[in-house]
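Per-entry structural report
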Amino acid sequence: MQTDTLTIDAVRDAIASKKTTATELAEAHYKRIAAEDTLIHSYLSLSRERALKKAAEIDTLVAKGDPLPPLAGVPIGIKDVLTMQGAPATAGSKILEGYRPPYDATCVARLEAAGAVLLGKLNCDEFAMGSSNENSAYGPVRNPRATDHVPGGSSGGSAAAVAAGFAVATLGTDTGGSIRQPAAFCGVTGLLPTYGRISRYGLIAFASSLDRVGPLTRSVKDAALLLETLAGHDTMDATSSHQPAPKYTAELAKPASGLRVGVPEEYFGEGLDPEIRAAIEKTISQLEAAGCTVKKVSLPHTRYAVPTYYVIATAEASSNLARFDGVRYGHRAKEATTLSAMYRKSRDEGFGTEVKRRILLGTYVLSAGYYDAYYRKAQQVRMLLTRDFLNAFAEVDVLVAPMTPMPAFKLGEKVDDPLEMYLADIYTVAASLAGICGISVPCGETKAGLPIGVQLLGPHFGEPVLLRAALAVEQAQQAGK
Amino acid sequence: MSNTENVSLEEVRRVAELSNLELTAEEEPRMQHDLNAVLGYIRQLNELDTSSVPPMAQVSEVLGGQVEASAAALRDDVLRASLDRAPVMASAPDANDSFFKVPRVIER
């Protein structure tokens, strides 16, 4: 079976009409993973037993003629920063090697309750810190569209698995672009829901005021379907919103015509690859042709987003990662004879270079004498960046911009220069800081065949309108093929 | 923050100690270089006058009525099941049924 073009609707239809079974579909994915993932390296572990048990349950429902749940038999992969009971949870780090958490993340439990078949855990940058997936302690992921290129990060395994046919959809997490950027690099759709829209219970925390869970899919409709399953308050996560979740797939039936689309001029400045610029401009004219009104807007503080992000994200990370101390789970250094030496040695052996760099930076900006100058300053600029968006959304419904300044770069190209790697996050981190929703949709490719993604941004809890605009982009793409 | 100050090796060691990290002799100068590069870049935030801007720690602060303020975020105070002890203790590097074991705490 061709697994690389299946959508959720196609899976449901094939299972409901008995053209295939959930078990056959899961096995077809495992077969493909066994044959091709040795090169791509998107999965860190497979949950075959749990997946086949769920698939058998779905097949029994079909045999009995019982109604099928919305994601019946859909093979889905999970980024390895989310917990699945009894399955390894490494967060891409040696410090968690061998750890098997005793509970399911809420998003994992909700997917399975909706009928999804969970195939396994996906590779990522260590503790989701990275833009290329080269910071995984278990080795990098390759981009299925060009295997000497990075898949993006930190949800590189999640994007690669969808692009390569190793899952129909996956869950990723986004703290500063980690769903949207790899989606753009691998040519798939990646949704960043509004902060608080999806529960984070069972997510290994990186930066708690920024971390979000979201889907990577082959279509906008699939993203809407997964959001519908995942959105909603969770008593286990006090930061999850009580806002009722609308039926997102029903919103997609409404036309995009009449939507007001804003083009933020600051996202089209120096450093933007000319082929990407051309693809985004073409997308904007397609939205206009679909009946949207287009106007220029300004987000004047955009250039301060990356420095603001790297203060706030590292400060929160330095605090969150204090829990990895070799006491309750994960790696403990063998030789240490005192408690304090055990902490230091366990963390030294367990954390990789980028994680140490960010812990040091975060500790520095929070330390006595520097707190006001760096951390408080960054929080104030975060407010300015957020006001930029609130002002823009007083005039327009969605914003359209490039997702990345350049297409997927080559493995090893940026690993020696952390600052250059951080600068690649220029179009992603402002939306993260503001807590608004966004989506990356494929909108073409470069002459060299590398995928290009367009970024759409919506206001807080503006997913219904965001998804409608995204569908218009997707339809224009398909019409143009 | 002045625009010229640099992080010394001594400060790198102090921050490593605060973070419970042990850096090797090779890591120290590399981290010093990287911290200075990134902090130098971060200092462009000084171009902005933020004297009248409130700090934003959480997204909920800008959402007004959209996200319930503190009271509604509190759950009812009722008993509910928590994780079983056995699998939690089994995850630890060294534990018995009730306690996590660690090396000597008092150092002399």
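Residues numbered from 1 in each chain as written. Chains lettered and ligands numbered in written order. Predicted model: local features only at pLDDT ≥ 70, side-chain atom pairs only at ≥ 80, totals over all residues.

Comments concerning helix 9 (residues 274–289) of chain A
Residue and element names in this part refer to chain A. With 16 residues, helix 9 ought to run about 22 Å at 1.5 Å a step, and its terminal C-alpha atoms sit 23 Å apart, in line with that. Looking only at helix 9, the buried set comprises Ile276, Ala279, Ile280, Thr283 and Leu287. Here the buried residues of helix 9 occupy an arc of 95° about the axis, which is enough to place them on one side. Set apart from the buried face of helix 9 by more than 90 degrees, the exposed residues are Pro274, Ser285, Glu288 and Ala289. Residues of helix 9 that are buried in the fold lie against strand 7 (260–264), strand 8 (293–297), strand 9 (398–402), strand 10 (437–445), strand 11 (451–458) and helix 16 (463–480). At the exit of helix 9 stands glycine 291, carrying a positive phi of roughly 100°. (Helix = DSSP H or I, 4+ residues; strand = E, 2+ residues; numbered from the N terminus. Expected span 1.5 Å × (residues − 1). Buried ≥ 20, exposed ≤ 12 C-beta atoms within 10 Å, placed from the backbone. Arc of directions from axis to C-beta. Contact = placed C-beta atoms within 7 Å.)

Quick look at the interface of chain A and chain B
Each side of the interface is counted separately: chain A has 59 residues, and chain B has 47 residues. Mapped by element, the contributors of at least two residues to the side of chain A that touches chain B are helix 10 (305–320), helix 11 (339–350), helix 12 (353–366), helix 13 (371–392) and helix 14 (418–423) of chain A. Examining the composition of the side of chain A that touches chain B, we find that 13 residues originate from one element, helix 13 of chain A, more than from any other.

A look at the pairing of strand 6 (residues 212–217) of chain A
Residue and element names in this part refer to chain A. Within strand 6, six of the six residues are buried, which leaves it mostly tucked inside the rest of the structure. Of the two faces of strand 6, the one carrying Arg212, Gly214 and Leu216 and the one carrying Val213, Pro215 and Thr217 are both buried. Alignment of strand 4 (residues 169–174) against strand 6, held across five bridges, turns out to be antiparallel. When the bridges of strand 6 are listed, threonine 173 appears paired with valine 213. (Pairing = 2+ DSSP bridges.)

With respect to the environment of Met1(A)
Residue and element names in this part refer to chain A. In this fold, methionine 1 is placed in the segment before helix 1 (8–16). Separated by 19 residues in sequence, methionine 1 and threonine 20 place their C-alpha atoms 9.4 Å apart. Those residues in contact with methionine 1, other than ones at most four positions away along the chain, are Thr20 and Ala28.

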